[in-house]
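# Structure assessment
Residues per chain, in single letters:
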Amino acid sequence: MITYPRRIEAGKIPVLRLIGVGNAGVNIADRIAMRSTISLETFAVNSDQQSVAASVASTKIAIGPLATHGLGAGGDPDTAIEAAKESMQELKTAVAGADVVFLCAGLGGGTGSATVPILANLARENGALVAAVVTSPFQFEGRRRTTQAQQALAEIAKSTDALVHFENDRMAELDAARADASETFAACDQLLFQAVCALARLVTNSGPVPVPLADLLAVLRGTGPCLFACGEASGPNRAHEALESALRSPLMDRGRSLQETGRLLVHVSGPAAMGFAEVSAVMNGVSKHTSPDAILNLGVGSSGDSTDSLVVTIIGRSGRVEKPAAPVSTPSFEVPKRPAEPFQPAREKPPERSPEPVAAPQPKVTQDVLPLEPVARGRFDKIEPTIVEGEDLDVPTFLRLRLKR
Ligand SMILES: Nc1nc2c(ncn2[C@@H]2O[C@H](COP(=O)(O)OP(=O)(O)OP(=O)(O)O)[C@@H](O)[C@H]2O)c(=O)[nH]1
Ligand SMILES: [Mg+2]
């Protein structure tokens, strides 16, 4: 069931607050504070005093000085809970007065994993809408961190309205060209940065076709990994270029991940002069990659600045498409029906044909399905792909069309 936050009132500019929790969370909050043009209050909350002192957040809160001696929880959630209990009053202050609270953390350690659910509950008690944007650790960080992250994720799912969860391993796997660990962290941070900015835009942007909160929450609920991409472009071909850039985003796997997504939200934001044809081009481009059963919700927002940039944001939840019983709310926009395609993907059933008269029974001919999944680009892996309208032209046509028989 969708529960609505009490505090967002029509016509009121909501107070948005981003709270970075733990070292990773504070890093991400700092990045957003330095680069985002969105009006967000940024808070740094950590039991590691060095991280708090170095942060550029507008409000800094060092928690649990007695429990952790200002050195962090050392990966131990029990110590982190002690730190949070010790500083409960400060945590209450951190969420006071906010209408929308974004909580950012890398899960698997102590402070972020233990404190995000506590802050989420406090914020919800105050009537705020709470969204968490978190990562789960790399496998190489060990089983203990993975288990702690899973437990934290389950707690966070219970205490938030929206959960955007990225798996570090998945991001690294899809972004294999960046072998360097710090570059991989930076790529993850960039994605988290984009996710928070996109959510802030979606929550606050009225625009010509605002995204109903119910649609946004329906996409963002659940604990599965989130599909998220954002692309921006300007100039005469900005709609195609922004979409292509979004599809190049690591989690999109060049558009292939969209086929697995049951519910999808596409937000197109641009200047007041943005044309319907541009919005339509984006939606047609996205629907080329989705399952016919997927529910697509569209939002159109206005960027409100003087640039001519168009931003495409795609948010979905991974998982094979189940036949939806009924949409959570009426879609704001009818997505144009996909034109009939010359070939159906191999996993779909071919259309039924009426039987033709046959003179004599023919021997049944069978042919094995060839293993033609386009899984790797081999030695071209490090070369920038040639993407045209979302299609990777370096992949042979018969593979792109999945012609197996
Ligand atoms: N994206 C990103 N992830 C990070 C970064 N640093 C650490 N992580 C991830 O976040 C997880 C938690 O690490 P920290 O943020 O250091 O942990 P913490 O919440 O401060 O907890 P304690 O140090 O135990 O108090 C790690 O297991 C990594 O997977 C970073 O700079 N960026
Ligand atoms: Mg730490």
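Counting starts from 1 at the beginning of each chain's written sequence and moves along it residue by residue. Throughout, the order in which chains and ligands are written sets their labels, letters from A for the former and numbers from 1 for the latter. Per-residue local features of the predicted model are confined to residues with pLDDT of at least 70, and side-chain atom pairs are confined, for both listing and counting, to 80 or more; whole-chain, interface and lining totals are unaffected and use all residues. Heavy atoms from the whole structure form the basis of all side-chain values; hydrogens and water molecules are not counted.

Now for the packing of aromatic side chains. Any Phe, Tyr or Trp ring, taking Trp's six-membered ring, that has another such ring centre within 6.5 Å forms a pair; planes under 30 degrees apart are called stacked, those over 60 apart edge-to-face, and the others tilted. As enumerated under the stated definition, the model contains 2 aromatic pairs in all. When the ring of phenylalanine 138 is compared with that of phenylalanine 140, the centres are 4.8 Å apart and the planes differ by 10 degrees; the resulting orientation is stacked. Exposure classes here rest on a 1.4 Å probe applied to the protein chains alone. A residue is buried below 20% of its type maximum, exposed above 50%, and partly exposed in between. Owing to a relative accessible area of 3%, phenylalanine 138 belongs among the buried residues under this scheme. Seen from their ring centres, phenylalanine 166 and phenylalanine 228 are 6.2 Å apart, and the 65 degrees between their planes marks the pair as edge-to-face. Taken together, the positions of phenylalanine 166 in strand E6 (residues 162–167) and phenylalanine 228 in strand E7 (residues 226–233) put the pair 62 residues apart, joining distant regions of the chain. Each member of the pair, phenylalanine 166 as well as phenylalanine 228, is classed as buried. Every helix listed is a DSSP run of H or I at least four residues long, and every strand listed is a run of E at least two residues long, numbered separately from the N terminus.

With that out of the way, let us pick up the confidence of the model for the protein. pLDDT expresses how confident the predictor is about each individual residue, on a scale running from 0 to 100. When the pLDDT values of the protein are averaged, the result is 77; 71% of them are 70 or greater. The least confident element of the protein is helix H13 (residues 397–400), whose mean pLDDT is 50; the most confident is strand E3 (residues 59–62), at 98. The contact criterion used throughout is that any non-hydrogen atoms of two residues lie within 4.5 Å. Under a pLDDT of 50 for its full length, residues 1–7 has, in the predicted model, 25 contacts with residues more than four places off or in other chains. Predicted confidence for residues 320–363 stays below pLDDT 50, and this span has 47 contacts to residues more than four positions away or in other chains.

In short, DSSP must find at least two bridges between two strands for them to pair. Taken together, the 4 strands give an open sheet; going across it, the order is E7-E10-E8-E9, and neighbouring strands pair in mixed fashion. Of all the strands in the sheet, just E7 and strand E9 (295–302) have a single pairing partner and so form its edges. Taken pair by pair, the neighbouring strands of this sheet meet at an average axis angle of 10 degrees, ignoring direction. When E7 meets strand E10 (residues 310–317), the two strands line up antiparallel, connected through 8 bridges. For helices, the fitted axis covers only the stretch in contact; all axes are lines through C-alpha atoms, and the angles between them, taken along N-to-C directions, range from 0 to 180 degrees.

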